[in-house]
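Remarks on the overall topology
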Amino acid sequence: GPHHTCGLEDGPAAAGDVALFSWWSEDSGIEPWILDGTPAGSTIFSDLVPGVGSSNPKHFKEVADEIWFTALDPTMGEGAWRSLGSVQTTERFADFGSAPSLPRSTQVWPFDPSSGSFFFERDRSAGRELLFHPGGSAEPLLLKVGIREPLIALGATKGRMLFSLGEEKDPGTGAELWASDGTP
């Protein structure tokens, strides 16, 4: 039977009467699964990478009445997806501007659901980066490099996302408050 591979960033997140999360099965690999509260329990939601290949979905978040998550595509790399809780309302809405071989995002924070914009973090050989994706087909914008762990999103207010972060270039200091509206 299916094996659970869910971590804290892997779900579940709810929209209406359903919740999505990451799960593994022999037939479909690691894909989004749905828990709908019925006696049948959980079933595969969508095989985003058909067959035993895995989309390896992560970062399930409740955003307004949608569920946002990230998933891999073997040719397009990592992208952001959103769903109203049915396969018919699930779509890839943003590309991370990375080839499939680049590191996955380590965190994703929705910013403006109406535009599909979000902040995300990823580890690169040059260090941890904070990026902003304005939504749609736009390319992500690099905002900050050389971030020391932990990077914590404190929330959005007045058109800015607030973060607590420390910089690699200044290891003797603690975390500082940092704000961004998504522009470099």
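Procedures and definitions
- Residues numbered from 1 in each chain as written.
- Predicted model: local features only at pLDDT ≥ 70, side-chain atom pairs only at ≥ 80, totals over all residues.
- Heavy atoms only, no water.
- Helix = DSSP H or I, 4+ residues; strand = E, 2+ residues; numbered from the N terminus.
- Buried < 20%, exposed > 50% of the residue type's maximum accessible area, 1.4 Å probe, protein only.
- Contact = heavy atoms within 4.5 Å.
- Areas by Shrake-Rupley, 256 points an atom, 1.4 Å probe, with all protein chains shown as cover.
- Pairing = 2+ DSSP bridges.
- Axes fitted to C-alpha atoms, helices over the stretch in contact; angles between N-to-C directions.
- Core = buried A, V, L, I, M, F, W, Y, C linked by side-chain atoms within 4.5 Å.
- Salt bridge = Lys/Arg side-chain N within 4 Å of Asp/Glu carboxyl O.
- Phe/Tyr/Trp six-rings, centres within 6.5 Å; stacked < 30°, edge-to-face > 60°.

**Focus on the overall build of the protein chain**
Broken down by element type, the protein chain carries 0 helices and 15 strands. Considering the protein chain as a whole, with its 184 residues, one finds that 45% of them fall into the buried category. Taking all contacts inside the protein chain whose residues are at least 6 apart in sequence as the whole, residues at least 24 apart take part in 32%. By element, 54% of the accessible surface of the protein chain is carried by carbon and sulfur atoms, the whole surface being about 9100 Å².

**Here we look at the sheet that holds strand β6 (residues 58-63)**
Across the sheet, which stays open at both edges, the 4 strands sit in the order β6-β7-β8-β9 with antiparallel pairing between neighbours. Edge positions in the sheet fall to β6 and β9 (91-95), since each of these pairs with one other strand and no more. In this sheet, neighbouring strand axes are inclined to one another by 30° on average, regardless of whether the strands run parallel or antiparallel. Across 4 bridges, strand β8 (residues 77-83) lies against β9 in antiparallel orientation. Bridging across to β9, A80 finds its partner in A94.

**A word on the nonpolar core**
Membership of the largest hydrophobic core is limited to 12 residues, which are A13, A15, V18, L20, I34, F45, L48, F60, I67, F69, A71 and W81. At the level of secondary structure, the elements contributing two or more residues to this core comprise β2 (13-15), β3 (18-25) and β7 (66-73). Residue contacts for F45: discarding those within four places in its chain leaves L20, P32, W33, I34, S83, G85, S86, V87 and T90. One finds L130, F132, I147 and F163 within the second-largest nonpolar core, a separate group that totals 11 residues.

**What to know about the sheet that holds strand β11 (residues 117-124)**
What the 6 strands build is an open sheet, ordered β10-β11-β12-β13-β14-β15; its pairing is antiparallel. Edge positions in the open sheet fall to β10 (105-112) and β15 (176-180), since each of these has one partner strand only. Going from strand to strand, the sheet's axes swing by 35° on average, the running direction of each strand aside.

**Structural notes on the pattern of salt bridges**
Taken as a whole and judged by the stated rule, the model has 3 salt bridges. Across the pair R128 and E121 runs a salt bridge whose closest N-O atoms are separated by 2.6 Å. One exposure class covers both R128 and E121, and it is buried. The salt bridge partner of R122 is E129, with a shortest N-O separation of 3.3 Å. Each member of the pair, R122 as well as E129, carries the same accessibility label: buried.

**Structural notes on the packing of aromatic side chains**
In this structure the tally under the stated criterion is 14 aromatic pairs. Ring centres of W109 and F163 lie 5.5 Å apart, and the angle between their planes is 75°; this geometry places the pair in the edge-to-face category. One end of the pair, W109, is in strand β10; the other, F163, is in strand β14 (residues 160-167), and 54 residues separate them in sequence. Summarising the burial analysis for this pair, W109 and F163 share the class buried.

Purely spatial values, then, with no claim about function.
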